[in-house]
Amino acid sequence: MSVNYIKFGTIYQEDKLMMGTEDKLKVLICGGGNGAHCLAGLSASKPEHETRVLTLYADEAERWTKILQSDDLTVTIMKNDGSSDEVKSKPSLITKDPKAAVTGADVIFLIVPAFAHEQYFREISPFVGDNTVIVGLPGQAGFEFQCLNMLGEKSKTCTIMSAESLPWACRILEFGRLVQILGVKETLGVSKLQGSQSKLKGSPFEIVQNVLGPKPVLREIQNYIAVNLMAKSIIHPPLMYGKWSTFDGTPLNEKPLFYQGVDEKQAKLLSDVSDECIAIGKAIEKQIPGMDMSDVIHIFDWFLTYYADQITDKTNLMMAMQTNKAYDGLLHPMKEVGEGQFVPDFTYRYTAEDIPFGLVVMKGIGQLAGVPTPVMDEIITWAQDKLNQEYLTGSELTGKDVSKTRAPQRFGFKSLQQLFDF
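Basis of the calculations
- Residues numbered from 1 in each chain as written.
- Predicted model: local features only at pLDDT ≥ 70, side-chain atom pairs only at ≥ 80, totals over all residues.
- Heavy atoms only, no water.
- Helix = DSSP H or I, 4+ residues; strand = E, 2+ residues; numbered from the N terminus.
- Rg over C-alpha atoms; globule rule 2.2 N^0.38 Å.
- Buried < 20%, exposed > 50% of the residue type's maximum accessible area, 1.4 Å probe, protein only.
- Contact = heavy atoms within 4.5 Å.
- Lys, Arg positive; Asp, Glu negative; His and termini not counted.
- Charge placed at Lys NZ, Arg CZ, Asp CG, Glu CD.
- Phe/Tyr/Trp six-rings, centres within 6.5 Å; stacked < 30°, edge-to-face > 60°.
- Lys NZ or Arg CZ within 6 Å of the ring centre and 35° of its normal.
- Pairing = 2+ DSSP bridges.
- Axes fitted to C-alpha atoms, helices over the stretch in contact; angles between N-to-C directions.
- Polar contact = N/O pair within 3.5 Å; in protein donor to acceptor, adjacent residues only side chain to side chain.
- Core = buried A, V, L, I, M, F, W, Y, C linked by side-chain atoms within 4.5 Å.
- Salt bridge = Lys/Arg side-chain N within 4 Å of Asp/Glu carboxyl O.

Helices and strands together make up the secondary structure of the protein chain, namely 14 helices and 16 strands. Computed over the C-alpha atoms, the radius of gyration of the protein chain is 21 Å, within 12% of the 22 Å expected from 2.2 N^0.38 for a compact globule of 422 residues. Principal-axis analysis of the C-alpha atoms gives the protein chain an extent of 60 × 55 × 40 Å. In the protein chain, which comprises 422 residues, the share counted as buried stands at 58%. Long-range contacts, defined as pairs at least 24 residues apart, comprise 72% of the intrachain contacts of the protein chain with a sequence gap of at least 6. For the protein chain, the distance from the average site of its 42 positive side-chain charges to the average site of its 52 negative ones is 4 Å.

Printed below as a string of structure tokens:
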């Protein structure tokens, strides 16, 4: 059968795409949230795929399976002109049984919060076969450190890939039945670590691009540390800190806009954190001969590249975020404390995930590179108090809860060179 697929934005034609065989590509999607719904629907719509879903949360697998006995999974894709397309499909299997889900899988996507990666790695690792492609979508900072640690020797036969962010801005409208894609990124940076004993046929980027579809166009990031420094967990903590660092506890009458409500203070904090990541990248280039960190770009440039068709005012970072159509209507995470009364929810992933699996990891890489990160330190220090954790003592990652993060120090990395000695 002749199959069309995308390779970095160009249509190619292959007679045997499926990793060198005529069998269907066996796609496993781990998770049951917004992104997992999107990818499940998009992948299952392609007849050349066998799409499975593994969700370990509560009774999600049972509920989703029951729903799809009578309904399709519909993905609604919003367009810039206000119209939309619909994709209807059904995954072949939705289960909470890791063995049934993983056995024979060619490519495994983890589309769950970073704090849940460890649970999924623990469950799937015994059943991962040789030449499997494992994709963090997104991986978030420290994904590779944890993946290598959990897979052990098996990692030598696998290819580990990490995307810098989710491909879409999306939300579930009805669990199991309907998910909406609000915006699709133009391009997506992805890194890879290919095991020394991996005998994967063909490019893993072609495989992942085929599952995602024509957009976003995958862009290979030259080394995995660069994608760690470009993880989009960089965005939420500065905006949370900028909004709530002076909050006096008085409830609000409505939930404020998150991205569209960004002010100059928040935009500067985000810009400063991005500058620190760039400084870490430049220090790595100086200390590790031949290392290319040019993929670590400023967050403003990232927005202009990845949301080129979504942003209407490209004057500066603040305006780019405020006028990004993909972010229309998205609100700050809030808790209702009375009828129509709201306070910020610091247990939401914008802090609870994006600090220990985001800024703390970037800080850890910076510490190994000898780069001071005062703005990151300020945000982490504020956030760890809200989370009742201790990652930083002063400006060093020596707090008692570093073991709960994915900082390289947790996994035994003591020098910058060690990060590249695989």
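Right, let's get into the packing of aromatic side chains. What the rule picks out here adds up to 18 aromatic pairs. When the ring of Tyr 307 is compared with that of Tyr 327, the centres are 5.6 Å apart and the planes differ by 55 degrees; the resulting orientation is tilted. Of this pair, Tyr 307 sits in the loop between helix H10 (299-306) and helix H11 (317-322) while Tyr 327 sits in the loop between H11 and strand S15 (334-338), placing them 20 residues apart in sequence. The pair formed by Tyr 307 and Tyr 327 is uniform in burial state, with each residue classed as buried. Linked through ring pairs, Phe 258, Tyr 259, Trp 302, Phe 303, Tyr 306, Tyr 307, Tyr 327, Tyr 348 and Tyr 350 together constitute an aromatic cluster. Taking the ring centre of Phe 175 as reference, the NZ or CZ of Arg 63 above it sits at 4.3 Å. A cation sits over an aromatic face here: Lys 232 above Trp 302, 4.3 Å from the ring centre.

What follows concerns the sheet that holds strand S11 (residues 168-174). Judged by pairing direction, the sheet is mixed, and its four strands sit side by side in the order S6-S5-S12-S11 without closing on themselves. What marks the edges here is a single partner per strand, and that holds for strand S6 (84-89) and S11. For this sheet, the mean angle separating the axes of adjacent strands, direction not counted, is 20 degrees. As paired strands, S11 and strand S12 (residues 178-184) are joined by six bridges and run antiparallel to one another. In the sheet register, Glu 174 faces S12, and the bridge partner there is Leu 178.

Assignment of secondary structure puts Thr 55 in the loop between strand S4 (49-54) and helix H2 (60-67). For Thr 55, a relative accessible area of 1% corresponds to the buried category. Put simply, Thr 55 and Cys 30 are 25 residues apart on the chain and 5.9 Å apart in space, counted from C-alpha to C-alpha. Apart from the residues lying within four places of it in its own chain, the contact partners of Thr 55 are Gly 31, Gly 32, Glu 60, Ala 61, Thr 95, Lys 96 and Tyr 120. One polar contact links Thr 55 to Glu 60, side chain to side chain, over a distance of 2.6 Å.

Most often, soluble globular proteins have nonpolar side chains that are buried together. Counting 100 residues, the largest nonpolar core has Ile 225, Leu 229, Ile 235, Ile 284, Phe 303 and Leu 419 as its most contacted members. When residues of this core are assigned to their parent elements, the largest contribution, nine residues, is made by helix H9 (residues 264-287). In contact with Ile 284, other than residues within four places in its own chain, are Ile 225, Leu 229, Met 291, Met 293, Ile 365, Ala 369, Leu 416 and Phe 420. Judged by nonpolar contacts, the second largest core, of 40 residues, contains Val 87, Ala 163, Cys 170 and Val 179.

This next bit is on the pattern of salt bridges. This structure, assessed with the given rule, holds 17 salt bridges. Close ionic contact of Arg 177 with Asp 71 constitutes a salt bridge, the shortest N to O distance being 2.7 Å. Here Asp 71 lies in the loop between H2 and strand S5 (73-78) and Arg 177 lies in the loop between S11 and S12, a separation of 106 residues in the sequence. The partner of Arg 219 in a salt bridge is Glu 164, with the nearest N and O atoms 4.0 Å apart. Remark: Glu 164 occurs in the loop between strand S10 (159-163) and S11 and Arg 219 occurs in strand S14 (residues 217-220); sequence separation between them is 55 residues. On the basis of relative accessibility, which here comes to 0%, the residue Glu 164 falls in the buried class.

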